[in-house]
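# Examining the three-dimensional arrangement
The chain contents come next:
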Amino acid sequence: MTVNELIAQLEEVENKDLQVFAWSSESDISKIVSVEETDERIDINLGTQIN
């Protein structure tokens, strides 16, 4: 995912006041795997492959 793709996904978020939480379960991080909006925050999953 590129920066422009990330920005486009974040622009689609309904609640712009949510905090952003970036995380990974992998030690080797090379890309943004997913961006998801929850009731409490925006989760950005970092990793090496798209699930």
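As a reminder, the structure under discussion sits directly above these lines.
The following refers to the structure shown. No experiment lies behind these values; they were computed from the predicted model shown.

### Points about the sheet that holds strand 1 (residues 19-23)
- The mixed open sheet is built from three strands, whose spatial order is 1-3-2. In the strand order of this sheet, the two ends are held by strand 1 and strand 2 (31-37), each with one partner. The average angle at which neighbouring strand axes cross in this sheet is 20°, direction not considered.
- As judged from the six bridges shared by strand 2 and strand 3 (residues 41-47), these two strands associate in the antiparallel manner. Note that in strand 3 the partner of Glu-36 across the bridge is Asp-43.
- The sheet strands contacting helix 1 (residues 3-11) are strand 2 and strand 3, and the helix crosses strand 2 at an angle near 5°.

### As for the environment of Leu-10
- Among the secondary structure elements, Leu-10 is positioned in helix 1.
- The spacing of Leu-10 and Glu-37 is 27 residues in sequence and 9.0 Å in space, taken between C-alpha atoms.
- The contacts of Leu-10, once residues within four sequence positions are left out, are Lys-16, Val-35 and Ile-42.

Cut-offs and rules
- Residues numbered from 1 in each chain as written.
- Predicted model: local features only at pLDDT ≥ 70, side-chain atom pairs only at ≥ 80, totals over all residues.
- Heavy atoms only, no water.
- Pairing = 2+ DSSP bridges.
- Helix = DSSP H or I, 4+ residues; strand = E, 2+ residues; numbered from the N terminus.
- Axes fitted to C-alpha atoms, helices over the stretch in contact; angles between N-to-C directions.
- Contact = heavy atoms within 4.5 Å.

Limitation: the analysis is restricted to geometry and does not speak to function.
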